[in-house]
Amino acid sequence: MIDTMIGVDLAKNVFHLHGASMTGQLKFRKKLSRPQFRAFLSTQPPAVIVMEACGSASYWARVLSGTGHEVKLIAPQYVKPFVKRQKNDAADAEAIVIAAQRPEMRFVPPKTKKQQARAILFRNRERLVNQRTELVNSLRSILYEFGHTIPQGIGNVSRGYEILEDPNCDLPDLVRQECRDLLELIEETTVRIAAKLKRIKALSTETETAKRLQTMPGVGPLSALAIEAFAPPLETFARGRDFAAWLGLVPRQHSSGGKPRLGRMSKAGQSDIRRLLIIGAMSRLSRLGRKSIPKGSWLERMLARKPKMLVAVALANKMARALWAMQMTKESYRDPTQTVAA
């Protein structure tokens, strides 16, 4: 029977451990180097090891689970209230144990190697997109300084070539050369983004979960990959609205005295999934997407009286709940309006 809980404050080279009984009595405090940390825990009897969900936490969770320990990850914001007056690594390790022993505490499931690999692919593509946006904005600003304007959007970059190759171009030779270098970098980055997107699309056809999620309108390969990479198993949520709340697609509450007060969208949880679901919802509210909205539906009524972005967030909330239901039932998306009509 496990009778020890060990709180670990992770670091690159120096680890602080706080061992206590399951009722809170102190057993040991240790400061270990990286090799000592692995060796010490490999010789310890099975214990509950708790760490903050931060960098390398999932790696250590996999390593320590293989040695017979039960590993739990806890969100850092849930640990902070239990840190005593002086903030240091040893106090953090103690606070981790105190927080983990609360019966109502919620924990973060460790990520698998497959999830982390897909998350890296997703993050690298996002980084390239941001870098390309920076390059495009640099090109636009340089040309604007010399009286040439290019509209926003990657599709308008070709106008830069037209300006540079115009026989009557009044740009200095040095500026023209710098602009050509920027255009070459934009082209190279675009090719790399396309290659990563192709890889993402290929990955989105490998698992049944990704295929199932993409049957919903507004959910594509990027959204399916983000859900697989960043979201915990959807079975950990008791209901669909819990998943939507975890994504931050619900109003922030400021209720008191029995009076409910709802504010703006909370923006809690995983921002990438939330952003992609809202983008997918916006695509359904575009000029072409509105043609598929049934007459008299809640979506049409809301569009008639609410701002478009507010409607998109509400639709993203419904999409999140439907995605949870699809995962629980292992069924593809079914249009509610068609189901009712049938």
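Our structure is the block above this text.
None of these values were measured; they are calculated from a predicted model.

Counting its secondary structure elements, the chain contains 14 helices and 7 strands. On C-alpha atoms alone, the chain measures out to a radius of gyration of 26 Å, which is more than a quarter above the 20 Å that the 2.2 N^0.38 rule sets for 342 residues. Counting all 342 residues of the chain, 39% fall into the buried class. Of all intrachain contacts in the chain linking residues separated by at least 6 positions in sequence, the fraction that spans at least 24 positions is 54%. About 19900 Å² of surface is accessible on the chain, with carbon and sulfur atoms providing 54% of the total. Put simply, the chain has 56 plus and 30 minus side-chain charges, and the middle of one group is 10 Å from the middle of the other.

With that settled, consider the packing of aromatic side chains. Centre distance and the angle of the planes are the two values used to describe a pair of aromatic rings. Here the structure, examined in full by the defined rule, presents 9 aromatic pairs. When the centroid spacing of 5.7 Å and the interplanar angle of 80 degrees are considered together, the rings of Phe-15 and Trp-60 count as edge-to-face. One end of the pair, Phe-15, is in strand 2 (residues 14-21); the other, Trp-60, is in helix 2 (residues 57-65), with 45 residues separating them in the sequence. For Phe-15, a relative accessible area of 0% puts it in the buried group. Using a relative accessible area of 0% as the deciding quantity, one classes Trp-60 as buried. Considering the side-chain rings of Phe-237 and Phe-243, the 5.4 Å spacing of their centres and the 55 degrees angle between planes classify their relative orientation as tilted. We note that Phe-237, like Phe-243, is buried. What links up through ring pairs into an aromatic cluster is the set Phe-15, Phe-37, Tyr-59 and Trp-60. Its end group placed over the ring of Trp-298, Lys-318 keeps NZ or CZ at 4.9 Å from the ring centre.

Let us look at helix 2. Taken together, the buried positions of helix 2 are occupied by Ala-57, Ser-58, Trp-60, Ala-61 and Leu-64. Within helix 2, the buried residues cover an arc of 160 degrees as seen down the axis, which keeps them to one side. Along its buried surface, helix 2 packs onto strand 2, helix 1 (34-43), strand 4 (48-52), strand 5 (70-74) and helix 5 (113-145).

Where helix 1 contacts helix 2, the two axes come as close as 10 Å, and the packing angle between them is 35 degrees. In this structure, helix 1 crosses over helix 2, and the sense of that crossing is right-handed. Of the residues in helix 2, those touching helix 1 at Arg-34, Phe-37, Arg-38 and Leu-41 are Tyr-59, Trp-60, Val-63 and Leu-64. When the residues that make up the contact of helix 1 with helix 2 are grouped by side-chain class, the tally is 6 nonpolar, no polar and 2 charged.

With that out of the way, let us pick up unusual backbone geometry. A positive phi is found at Ser-56, a non-glycine position, where the angle reads about 70 degrees. In this structure Ser-56 comes out as partly exposed when scored by relative accessible area, which is 34%. For Lys-330, which is not glycine, the phi torsion reads 60 degrees and is therefore positive. Locating Lys-330 in the fold gives a position in the loop between helix 13 (308-329) and helix 14 (336-341). Note on Lys-330: relative accessible area 48%, which makes it partly exposed.

Tracing the backbone through its elements, the reader meets Asp-335 in the loop between helix 13 and helix 14. For Asp-335 and Ser-204, which are 131 residues apart along the polypeptide, the C-alpha to C-alpha distance reads 22 Å.

This brings us to the pairing of strand 4. The side chains of a regular strand alternate between the sheet's two faces. Counted residue by residue, strand 4 has 5 buried out of 5 residues, so it is predominantly covered. Alternating positions in strand 4 separate into two faces, Val-48, Val-50 and Glu-52 on one and Ile-49 and Met-51 on the other, with burial throughout. Pairing geometry for strand 1 (residues 4-9) and strand 4, over 4 bridges, is parallel. Along strand 4, the bridge assignment pairs Gly-7 with Val-50. Relative to strand 5, strand 4 is paired through 5 bridges, and the arrangement is parallel. Its bridge partner being in strand 5, Met-51 is matched across the sheet by Leu-73. Crossover connection from strand 4 via helix 2 to parallel strand 5: handedness right-handed.

Cut-offs applied
- Residues numbered from 1 in each chain as written.
- Predicted model: local features only at pLDDT ≥ 70, side-chain atom pairs only at ≥ 80, totals over all residues.
- Heavy atoms only, no water.
- Helix = DSSP H or I, 4+ residues; strand = E, 2+ residues; numbered from the N terminus.
- Rg over C-alpha atoms; globule rule 2.2 N^0.38 Å.
- Buried < 20%, exposed > 50% of the residue type's maximum accessible area, 1.4 Å probe, protein only.
- Contact = heavy atoms within 4.5 Å.
- Areas by Shrake-Rupley, 256 points an atom, 1.4 Å probe, with all protein chains shown as cover.
- Lys, Arg positive; Asp, Glu negative; His and termini not counted.
- Charge placed at Lys NZ, Arg CZ, Asp CG, Glu CD.
- Phe/Tyr/Trp six-rings, centres within 6.5 Å; stacked < 30°, edge-to-face > 60°.
- Lys NZ or Arg CZ within 6 Å of the ring centre and 35° of its normal.
- Arc of directions from axis to C-beta.
- Axes fitted to C-alpha atoms, helices over the stretch in contact; angles between N-to-C directions.
- Left-handed = near helix turned anticlockwise from the far one by under 90°.
- Nonpolar A, V, L, I, M, F, W, Y, C, P; charged D, E, K, R; others polar.
- Pairing = 2+ DSSP bridges.
- Right-handed = clockwise from strand over helix to strand, strands pointing away.

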